[in-house]
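Summary of structural features
In case you want the letters, here they are:
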Amino acid sequence: MSKPSPRFHLDIGPEISSAISRNLPVVALESTVITHGLPWPENVEVARLLEKTIRDNGAVPATLAILDGRLRVGLSDGEIETLAKSDDAQKLNLGNLAAGMVSGRPGSTTVGATMYIAHLAGISVFATGGIGGVHRGVADTMDISNDLVALSRIPVAVVSAGAKAILDLPKTVEFLETLGVPTYGWQTDEFPAFYRRKSGQRVDARFDDMDALAKAVSTHWSLGLESGIVVANPIPEQHELAEHVYTNAIAAALSGAEEADVTGRAVTPFLLDALRKASEGQSVFSNTRLLENNAALAARLAVALGKGNR
Ligand code: PSU
Ligand code: MN
């Protein structure tokens, strides 16, 4: 008996499905940033802004989530709003995806789950804010984001502003290297630290030209290497969080998490909310600007990959 295809679980919106089958550029967007990364109503505004930015740069946006037990590729505006308002959406990665689906509750997808669903749908470019990584204190907690495992296995290019310094950035970059996940810096030699352009960590290669970046991405996959690729796109300089706000907010968030004794999947959302409070909302502004910047670059990459750079 043949196994049913995992694609049986997918519902792809008509515009997206037609773009995929015609090989037109499509960019996937995650939804945990909507449900757990940003507060209402900024979350719904950002979700709309990202879709518009992708269109303005020549690609079709596909926001991913779990609704009514289905893997949804492309949400209507009303569905995005409902998800943004919902307070019972579950944050789903590769491990709790199936249980989340059968629970019937709405689910938002992390970077890892979004990569998986995008790949099933035939989408190879995805824009997010920051990837998850190795947490500080990993020796005690073993807290390493499932995003890194997904990146090691799923051939999707993830455009991000690096990762937040609430994580252990040197260990995160080191582990990406262990996993053989390329880090490609867009016009930078350094792996960016989300709110700041620099982290002191190097990327594997720097690209200043879009066709050259697309060529490296397609060559990685044409070698038969089936991992994801981190395209590291630093926040525009004028939107960086001021150094003192940044340092204080990170310290406050980390000490808050230690006091509150949060663990597991709750850690990252807790830290994000603590950062927002500690920076008096300035973190949300920077977060929005870098997400917009990543959506634009991802759309340009999807266009370049379609131009025969594959
Ligand atoms: N980092 C951010 N903003 C986010 C996330 C991470 O700066 O919204 C979300 C992403 O969806 C990411 C997830 O995939 O958190 C990682 O969670 P964890 O650390 O529990 O793996
Ligand atoms: Mn974790």
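Scoring rules and cut-offs
Residues numbered from 1 in each chain as written. Chains lettered and ligands numbered in written order. Predicted model: local features only at pLDDT ≥ 70, side-chain atom pairs only at ≥ 80, totals over all residues. Heavy atoms only, no water. Phe/Tyr/Trp six-rings, centres within 6.5 Å; stacked < 30°, edge-to-face > 60°. Helix = DSSP H or I, 4+ residues; strand = E, 2+ residues; numbered from the N terminus. Buried < 20%, exposed > 50% of the residue type's maximum accessible area, 1.4 Å probe, protein only. Lys NZ or Arg CZ within 6 Å of the ring centre and 35° of its normal. 1 Å grid on protein atoms, 1.4 Å probe; cavity = no way out; pocket = protein on both sides within 12 Å on 5 of 7 lines; lining within 4 Å. Points joined across faces, edges and corners; volume = space filled by probe spheres on them. Nonpolar A, V, L, I, M, F, W, Y, C, P; charged D, E, K, R; others polar. Near = heavy atom within 4 Å. Sits in = over half its atoms within 2 Å of the grid points. Salt bridge = Lys/Arg side-chain N within 4 Å of Asp/Glu carboxyl O. Pairing = 2+ DSSP bridges. Arc of directions from axis to C-beta. Contact = heavy atoms within 4.5 Å.

Details of the packing of aromatic side chains
This model, assessed by the stated rule, comprises three aromatic pairs. Between tyrosine 184 and phenylalanine 207, the ring centres sit 5.1 Å apart and the planes meet at 70 degrees, which makes this aromatic pair edge-to-face. You can see tyrosine 184 sitting in strand β9 (residues 183–186) and its partner phenylalanine 207 sitting in strand β10 (residues 205–207), a full 23 residues away along the chain. Taking the centre distance of 6.5 Å and the plane angle of 75 degrees together, the rings of tyrosine 195 and tyrosine 246 count as edge-to-face. With tyrosine 195 in the loop between β9 and β10 and tyrosine 246 in helix α11 (residues 243–260), this pair connects stretches of sequence that are 51 residues apart. The class of tyrosine 195 is buried, set by a relative accessible area of 2%. Cation over ring: arginine 70 sits above phenylalanine 8, and NZ or CZ is 5.7 Å from the ring centre.

Some words on the layout of surface pockets
Within this model, the largest pocket holds a volume of roughly 1,000 Å³. Lining the largest pocket are 44 residues, with His135, Asp143, Val267, Thr268 and Leu271 positioned closest to its centre. Put simply, the parts of the chain that give the lining of the largest pocket at least two residues each are α2 (32–37), α7 (138–141), α8 (146–153), α11 and α12 (267–278). Per-element tally for the lining of the largest pocket: the top contributor is α12, with five residues. Class assignment for the residues of the lining of the largest pocket results in 15 nonpolar, 19 polar and 10 charged.

Let's talk about the site of ligand 1
Neighbouring ligand 1 are 16 residues; Lys91, Ser145, Asp147, Lys164 and Thr268 lie closest to it. When atoms are counted within 2 Å of each cavity's grid points, the one that captures over half of ligand 1 is the largest pocket. Sorting elements by how many residues they give to the shell around ligand 1 places α2 first, with three residues. For the shell around ligand 1, the class distribution of residues is four nonpolar, eight polar and four charged.

Re the pattern of salt bridges
Pairing is possible between side chains of opposite charge, provided their charged atoms come close. Throughout the structure, instances matching the rule amount to 16 salt bridges. Between aspartate 168 and lysine 171 there is a salt bridge, with the nearest N and O atoms lying 2.9 Å from each other. Of the residues examined, lysine 171 reaches a relative accessible area of 43% and is grouped as partly exposed. Arginine 206 is the partner of aspartate 189 in a salt bridge, and the nearest nitrogen-oxygen pair spans 3.1 Å. On the criterion of sequence distance, the pair formed by aspartate 189 in the loop between β9 and β10 and arginine 206 in strand β10 is long-range, its members being 17 residues apart. Salt bridges linked by common partners bring Arg48, Asp77, Glu81 and Lys85 together as one network.

What about the pairing of strand β3 (residues 60–67)?
Counting buried positions over the eight residues of β3 gives eight, a clear majority of the element. Side chains Val60, Ala62, Leu64 and Ile66 of β3 all project onto a buried face; the interleaved residues Pro61, Thr63, Ala65 and Leu67 project onto the opposite face, where all are buried too. Note that strand β2 (residues 26–29) and β3 share four bridges and pair parallel. Of the residues in β3, the one forming a bridge with leucine 29 is threonine 63. Of the pairings in the sheet, the one linking β3 to strand β4 (residues 70–73) comprises four bridges and is antiparallel in character.

Quick word on the pairing of β2
Alternating residues of β2 divide into Val26 and Ala28 and Val27 and Leu29, and every residue in both groups is buried. One ladder, built from two bridges, connects β2 with strand β7 (residues 125–127); its direction is parallel. Within β7, the position partnered with leucine 29 by the bridge is alanine 127.

Comments concerning helix α4 (residues 77–85)
Taken together, the buried positions of α4 are occupied by Ile80, Leu83 and Ala84. Buried positions in α4, seen along its axis, are confined to an arc of 100 degrees and lie on one side of it. Structurally, α4 contributes buried residues whose contacts are with α2, α3 (42–56), β3 and β6 (107–109).

Description of empty space enclosed by the protein
Following the criterion strictly, the structure yields one cavity of 30 Å³ or more and no others. Estimates place the volume of the largest cavity at around 40 Å³. Lining of the largest cavity is provided by Leu29, Glu30, Val33, Ile34, Ala47, Leu50 and Thr63. Mapped onto the lining of the largest cavity, the elements with two or more residues apiece are α2 and α3.

Observations regarding unusual backbone geometry
Put simply, tryptophan 40 and proline 41 share a cis peptide bond, and its omega is 0 degrees. One can find proline 41 in the loop between α2 and α3. Phi angles above zero are rare outside glycine, and aspartate 68 is one such case at about 50 degrees. Position of aspartate 68 among the secondary structure elements: in the loop between β3 and β4. Overall, the relative accessible area of 71% leaves aspartate 68 in the exposed class. One non-glycine residue, aspartate 261, adopts positive backbone phi at about 60 degrees. Mapped onto the fold, aspartate 261 is located in the loop between α11 and α12. Judged by its relative accessible area of 62%, aspartate 261 is exposed.

Keep in mind these numbers describe shape, not what the thing actually does.
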